[in-house]
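So you can see what is in the structure, the chains are spelled out below.
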Amino acid sequence: TYLPEESDQIQIPKMLPAEQKALINTISEKAAMYFSPHTVQKDLQSCLELPLFCILYAVLKGGGDFGWVKNKIDLLTAFVDKATKRIVEGDKVIYDDLVNLSIHATNRNYGDIHISEVTLQSSVDTILKTGLVEKQADYWSFPLAIVPQFLAAKALQLKKIDWQSVAASKEQIARWKYPLSI
C-alpha cells in the first residue's frame with residue numbers, strides 16, 4: 001500500500017510464515033527444506049517477514065550451507081560476501097576500486113563521492129557492471145549500505161586503512177563503527 005503523498009515511502013506488509021515458505025520454495029526447493037518458522041531464530045524470523053530478506057535467505061540457503069546466518073546482519077554479510085567473491089576471484093583491480101570507493105563512502109558517512117575524489121584503475125562501465133555502485137551525474141554512490149560497510153571492513157583487514165587511526169578519534173569511530181563490527 002502507498003502512504004499519503006507527504007511521505008514518499010512505500011509500506012510493505014509483513015509476510016506470514018506460509019507466504020515466506022511459498023516464496024522461498026519458488027526460488028529454491030533446497031532452501032525450503034531448511035525453512036521452518038519454528039526452527040529459525042527469532043531475530044532471523046522477523047527479518048524474513050520482509051520480501052527482500054526472504055529472497056536473500058532462499059538464494060543463500062539454496063546455494064550452500066549458511067547455517068551460521070542468525071540475523072539480518074549475517075544474512076546481508078553473507079549476501080555481500082557472495083556477491084563480491086566473484087569479483088575478487090575475477091578481477092583484483094575492480095575489487096580494489098570498489099574497496100577504495102567504500103573507504104571514501106565510509107569517510108563521508110556513506111554519502112555520495114564526487115568522481116574527482118577517487119582515481120579508478122578500471123573503467124567506469126566495468127565498475128557499474130558489478131551492480132554494487134551507481135553513478136549519477138558526477139557522483140558515485142552505493143545503493144545498498146551494507147556493501148560499502150562490508151568492503152570498508154575488508155579495507156581494514158587488508159590494511160588499506162590503519163585501524164589505529166580510525167580508533168584515534170570519536171568522529172572516525174562513529175563513521176567506521178559498522179566496518180569495525182564486521
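Refer to the structure presented above.
The rules we used
- Residues numbered from 1 in each chain as written.
- Predicted model: local features only at pLDDT ≥ 70, side-chain atom pairs only at ≥ 80, totals over all residues.
- Heavy atoms only, no water.
- Helix = DSSP H or I, 4+ residues; strand = E, 2+ residues; numbered from the N terminus.
- Buried < 20%, exposed > 50% of the residue type's maximum accessible area, 1.4 Å probe, protein only.
- Contact = heavy atoms within 4.5 Å.
- Expected span 1.5 Å × (residues − 1).
- Arc of directions from axis to C-beta.
- Axes fitted to C-alpha atoms, helices over the stretch in contact; angles between N-to-C directions.
- Parallel < 35°, antiparallel > 145°, perpendicular 65-115°, else oblique.
- Left-handed = near helix turned anticlockwise from the far one by under 90°.
- Nonpolar A, V, L, I, M, F, W, Y, C, P; charged D, E, K, R; others polar.

### Concerning the overall build of the protein chain
In step 1: Helix and strand content of the protein chain: ten helices and three strands.
In step 2: Secondary structure elements of the protein chain occur, N-terminal to C-terminal, as α-α-α-α-α-α-β-α-β-β-α-α-α.
In step 3: Counting across all 182 residues of the protein chain, residues that qualify as buried make up 36%.
In step 4: Here the contacts in the protein chain between residues at least 6 apart in sequence split such that 56% fall between residues at least 24 apart.

### A look at helix α10 (residues 170–181)
In step 1: Taking 1.5 Å as the rise per residue, α10 with twelve residues should run 16 Å; its terminal C-alpha atoms sit 15 Å apart, in good agreement.
In step 2: Considered for burial, the residues of α10 that qualify are Q172, W176 and P179. All buried residues of α10 fall inside an arc of 30° around its axis, so they share one side. The exposed set on the far side of α10, more than 90 degrees from its buried face, consists of K170 and S181.
In step 3: The elements touched by buried residues of α10 are α6 (92–107), α8 (146–157) and α9 (163–167).

### Regarding the packing of helix α1 (residues 17–27) against helix α4 (residues 51–63)
In step 1: One can describe the packing of α1 onto α4 by two numbers: an axis separation of 9 Å at closest approach and a directional angle of 45°. Considering the angle they form, α1 stands oblique to α4. Note that α1 runs across α4; the crossing there is right-handed. Here α1 contributes Q20, L23, I24 and I27 to the contact with α4, which in turn contributes P51, C54, I55, Y57, A58 and V59.
In step 2: Here the contact of α1 with α4 is built from residues that sort into nine nonpolar, one polar and no charged.

### Describing the environment of M15
In step 1: Residue position: M15 is located in the segment before α1.
In step 2: M15 sits in the buried class, given a relative accessible area of 12%.
In step 3: A C-alpha to C-alpha distance of 7.2 Å links M15 and P51, two positions 36 residues apart in sequence.
In step 4: What M15 contacts, discounting residues up to four positions off in sequence, is Q20, L23, L48, E49, P51 and C54.

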